[in-house]
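The primary structure of each chain is shown beneath.
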Amino acid sequence: MIYKRFQDINFNKSPIIIFGSGPAGLSLALDLEKKKINSIVIEAGGEDFDENSQKIYKSKFTAVELTDASVSRLRQLGGTSGHWGGWSKPFEDHDFDKWPININDLNPYKEETCQILNIKNQFRRSNINSFFNQIEFQYSEVRFAEKYKDHIQKSKYIDLLLDTQLLYLSGKNKNIEYAVCINNDKKISLSSKFFILACGGIENSRILLWTKEKSQEILNNNKNIGNYWMTHSWILAGSGLLSVNKLKNKLNDYFLNYEGPIHFSTKKNFSDIKNITSAGLYMDAQEDKKFYKEAIKDLLCVAPELGKKFARMLFNKDLKCGNIFMHIEDSPNKNNKITLDIKELDKFDMPITNINYERPISVIKTAKNVMSEFAEFCRKDSIGRIAMHEDIFNLKKLDYLGEYHHMGGTRMGENLNNSVVDKNLKVHDINNLFVAGSSVFPTCGFTNPTFTIIQLSIRLSNHMKNTLQL
Amino acid sequence: MTKSILIRRNFLKNFTKIFIFLSIINILFNKNNKNNLKLIKNKKLIWYLNEND
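Just so it is clear, the model here is predicted, and its values are computed rather than measured.

Trainee: Would you take a moment to explain the overall build of chain B for this structure?
Mentor: On a plain count of helices and strands, chain B comes out with one helix and two strands. When the helices and strands of chain B are read in sequence order from the N terminus, they spell out α-β-β. The buried share of chain B, reckoned over its 53 residues, is 8%.

Trainee: Looking at this model, I keep getting lost on helix H10 (residues 289-302) of chain A. Mind explaining?
Mentor: Structural remark: α-helix, 3.6 residues per turn; residues separated by three or four positions point the same way. With 14 residues, H10 of chain A should cover 20 Å at 1.5 Å per step; its first-to-last C-alpha distance of 20 Å lies within 8% of that length. Buried residues of H10 of chain A: Tyr 292, Ala 295, Ile 296, Leu 299 and Val 302 of chain A, and no others. Seen along its axis, H10 of chain A keeps its buried residues to an arc of 120°; they face one direction. For H10 of chain A, the exposed residues lying more than 90 degrees away from the buried face are Lys 289, Lys 290 and Lys 297 of chain A. Along its buried surface, H10 of chain A packs onto strand S14 (233-243), helix H11 (304-315), strand S17 (319-328) and strand S20 (384-389) of chain A together with strand S1 (37-42) and strand S2 (45-50) of chain B.

Trainee: Is there a simple way to explain the sheet that holds strand S2 (residues 16-19) of chain A in this structure?
Mentor: By way of backbone hydrogen bonds, the strands of a sheet pair with one another, either parallel or antiparallel. All names here are of chain A. Taken together, the six strands give an open sheet; going across it, the order is S1-S9-S3-S2-S13-S21, and neighbouring strands pair in parallel fashion. For this open sheet the edge positions go to strand S1 (2-3) and strand S21 (433-435), each flanked by a neighbour on one side alone. Helix H1 (residues 23-34) contacts S2, strand S3 (39-42), strand S9 (158-161) and strand S13 (194-197) of the sheet and is inclined by roughly 165° relative to S3.

Trainee: I'm lost on the interface of chain B and chain A in this one. Help?
Mentor: As a measure of interface size, the accessible area lost when the parts come together is often cited. The interface of chain B with chain A comprises 13 residues on the first partner and 19 residues on the second. Those elements giving two or more residues to the side of chain B that touches chain A turn out to be S1 and S2 of chain B. Here the residues of the side of chain B that touches chain A are counted per class, giving six nonpolar, three polar and four charged. In this structure, S20 of chain A lies alongside S2 of chain B, joined through three bridges in antiparallel fashion.

Trainee: How do you make sense of unusual backbone geometry when you look at a structure like this?
Mentor: A negative phi angle characterises most non-glycine residues, just as the trans form characterises most peptide bonds. Residues and elements named next belong to chain A. Even without being a glycine, Ser 382 presents a positive backbone phi close to 55°. Looking at where Ser 382 falls in the secondary structure, it is placed in the loop between helix H12 (362-380) and S20. Accessibility expressed as a C-beta count within 10 Å gives 12 for Ser 382, which makes it exposed. A positive phi is found at Leu 395, a non-glycine position, where the angle reads about 55°. By the element assignment, Leu 395 lies in the loop between helix H13 (390-393) and S21.

Trainee: Help me understand H1 of chain A in this model?
Mentor: All names here are of chain A. Between its terminal C-alpha atoms H1 stretches 16 Å, which fits the 16 Å expected from twelve residues at 1.5 Å a residue. Most of H1 is tucked away, with ten of its twelve residues classed as buried. Residues Pro 23, Ala 24, Gly 25, Leu 26, Ser 27, Leu 28, Ala 29, Leu 30, Asp 31 and Leu 32 constitute the buried set of H1. Following H1 by one or two positions, Lys 36 has its phi on the positive side, about 60°.

Trainee: Explanation requested: the sheet that holds strand S18 (residues 337-345) of chain A in the structure shown.
Mentor: All names here are of chain A. Strand order across the open sheet formed by three strands is S4-S19-S18, with mixed pairing between neighbours. Two strands bound the open sheet, and with one partner strand each, they are strand S4 (59-61) and S18. Direction aside, the axes of adjacent strands within the sheet are offset by 35° on average. With six bridges joining them, S18 and strand S19 (residues 351-356) adopt antiparallel strand pairing.

Trainee: Just checking my understanding: could you explain the environment of Ala 63 of chain A for this structure?
Mentor: Residue and element names in this part refer to chain A. Counting through the fold element by element, Ala 63 comes out in the loop between S4 and helix H3 (69-72). Take Ala 63: there are 13 C-beta atoms within 10 Å of it, and that puts it in the partly exposed class. Through-space distance from the C-alpha of Ala 63 to that of Ile 262 is 34 Å; in sequence the pair is 199 residues apart.

Trainee: When you look at the nonpolar core in this model, what are you seeing that I'm missing?
Mentor: Here is a general trend for soluble globular proteins: nonpolar side chains tend to be buried in one another's company. Residue and element names in this part refer to chain A. Counting 76 residues, the largest nonpolar core has Ile 196 and Ala 436 as its most contacted members. Looking at this core, the element that brings in the most residues is helix H14 (residues 450-466), giving seven residues. Other than its neighbours up to four places away in sequence, Ile 196 contacts Ile 16, Ile 18, Phe 19, Leu 28, Phe 434 and Ala 436. Leu 241, Met 313, Ile 328 and Ile 364 belong to the second-largest nonpolar core, a separate cluster that totals 46 residues.

Trainee: Help me out: how do you make sense of the packing of helix H5 (residues 110-117) of chain A against H14 of chain A in this one?
Mentor: Between two packed helices, what matters for the description is the angle formed by their axes and the separation of those axes. Residue and element names in this part refer to chain A. H14 packs onto H5 with a crossing angle of 120° between their chain directions and a minimal axis gap of 9 Å. By the angle between their axes, H5 is oblique relative to H14. Judged by the sense of rotation from one axis to the other, the crossing of H5 with H14 is right-handed. Mapping the contact onto sequence places Lys 110, Glu 112, Thr 113 and Ile 116 in H5 and Phe 451, Ile 454, Gln 455 and Ile 458 in H14. Here the contact of H5 with H14 is composed, by residue class, of four nonpolar, two polar and two charged.

Trainee: Just checking my understanding: could you explain the pairing of S2 of chain A for this structure?
Mentor: One face of the sheet, then the other: side chains in a regular strand alternate in exactly this way. Residue and element names in this part refer to chain A. The side-chain alternation of S2 yields two buried faces, one formed by Ile 16 and Ile 18 and the other by Ile 17 and Phe 19. Two strands pair when backbone bridges link them, and S2 and S3 are joined in this way by four bridges, in the parallel orientation. By the bridge assignment, Ile 18 is partnered in S3 with Val 41. With H1 bridging S2 and its parallel neighbour S3, the resulting β-α-β unit is right-handed.

Trainee: Mind showing me how you'd approach the pairing of S14 of chain A here?
Mentor: All names here are of chain A. Among the eleven residues in S14, ten count as buried, and that is most of the element. Across ten bridges, the pairing between S14 and S17 is antiparallel. Across the sheet, Leu 242 pairs through a bridge with Lys 320, a residue of S17. Pairing analysis gives five bridges linking S14 to S20, with the strands arranged antiparallel. Looking at S20, one finds that Leu 241 is bridged to Arg 385.

Trainee: Before we go on, may I ask you to explain the environment of Gly 445 of chain A in this structure?
Mentor: All names here are of chain A. Tracing the chain through its elements places Gly 445 in the loop between S21 and H14. The sequence separation of Gly 445 and Ile 328 amounts to 117 residues, and the corresponding C-alpha distance is 7.6 Å. Apart from the residues lying within four places of it in its own chain, the contact partners of Gly 445 are Phe 91, Glu 92, Asp 95, Ser 278 and Glu 329.

Trainee: What is the right way to look at the confidence of the model for chain B in this model?
Mentor: In regions of low pLDDT, the predicted coordinates are not meant to be interpreted in detail. All names here are of chain B. Confidence along chain B averages 75 in pLDDT terms, with 62% of residues attaining 70 or more. Per-element mean pLDDT across chain B ranges from 67 in helix H1 (residues 3-34) up to 94 in S2. As scored by the predictor, the complex reaches a pTM of 0.90 and an ipTM of 0.84.

Calculation notes
- Residues numbered from 1 in each chain as written.
- Chains lettered and ligands numbered in written order.
- Predicted model: local features only at pLDDT ≥ 70, side-chain atom pairs only at ≥ 80, totals over all residues.
- Helix = DSSP H or I, 4+ residues; strand = E, 2+ residues; numbered from the N terminus.
- Buried ≥ 20, exposed ≤ 12 C-beta atoms within 10 Å, placed from the backbone.
- Expected span 1.5 Å × (residues − 1).
- Arc of directions from axis to C-beta.
- Contact = placed C-beta atoms within 7 Å.
- Pairing = 2+ DSSP bridges.
- Axes fitted to C-alpha atoms, helices over the stretch in contact; angles between N-to-C directions.
- Nonpolar A, V, L, I, M, F, W, Y, C, P; charged D, E, K, R; others polar.
- Core = buried A, V, L, I, M, F, W, Y, C linked by C-beta atoms within 7 Å.
- Parallel < 35°, antiparallel > 145°, perpendicular 65-115°, else oblique.
- Left-handed = near helix turned anticlockwise from the far one by under 90°.
- Right-handed = clockwise from strand over helix to strand, strands pointing away.
- pLDDT = per-residue confidence, 0-100.

So, in structure tokens, the structure goes:
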């Protein structure tokens, strides 16, 4: 059922309270429901976002100005899935090198994640050479609020309470006893056996930091809350013209023949040799005739004979051409962190967040190396021609297009020295508090995070059922 | 066979061998030349091209 007043909910029947109704929180509640386990989901926003509600998500950036955090995420039922792009794929195997779990720990939840996202469980890859793969994304159109609102309304196992802001958690002796929230301007304390934070890649850290301030008896040893915050650099790197048939001939039967954009990714070997992070290349090969004409015109200026050849290829429908965008892996840095700005409080008297984030120097180096190597592959194998932005070539600056993936801050790890939660997402030193979402990522690869967020939530649900004997 | 004919024949044999060798080198050299990287800047873009593009 969906509620707006806390008095209408029977809190005694659920052993779990989940804070946040985005992909992390709802996927967890939906999987618990399959196991016939009751849960209460507390959402800070309403059924839809509004300007006043979004103001609560204001953040300050103290080093580099990133995309406004009150725009990049949504405070509403379904969370940021209300405006996400839907790009979905599991992380690469080597993305887990520094995680306490590996890809085999998440693979069992791939199919269920695809069902939640209404996508095909098909993520093919083709080996291009020792440095690159052609890879496949699936594009989800799921908005969690639209897909699951009616389902939750009728559910016997999920109770959803809207417009209820979690302020902080309180407890002692390594146990959370209650959560202090505000519902209809009234401060309330909610008790439960287990508490799950699934409030997003900034809010999870914010709640834990404020909890640490308010409750002196818990989280004292957890020094890493807010640290190692990360985001993907999404940049425009250049443009390219590729012969589809030549790429097809090179990859034989392994060519991933799908319409629209073409994706490539770097291999671990490449990152190791060049000492750079991983990256995904996205060629936005939309069938926009104007763009094709412009690209060929540009090529005719620098290489007239080749330009004519590519113009013939366009006529023969053998040409994919478009801007090349890149998602670049961030390097975890302890100094990139979320802290609380106690001088600026929101309407609930809760400090807003300060995000101290400096872009790693490695990002521009990665962009140049990847573009350069990809251009050389296309040129030497006569697959096409690539042009790189001058500023990247000269290692001057990158054309950043926005930061929408918020990761880290409550990272997963073996111990308190370098992490906040353990491999089962339980907060170190607290017996009944878990964290779900991308804030637990120790490293972030180049892949969009939502698919992995959902896999982790389903894994957490299994852990709760099997280990905690719910 | 006179000595002068033998000398001429050897010379021709060697000349042919050298000619074939140099031709192969030339072909390979030219091919490599064609595949050499040429960077050209146009409208803030650096194009990765072949020398004979």
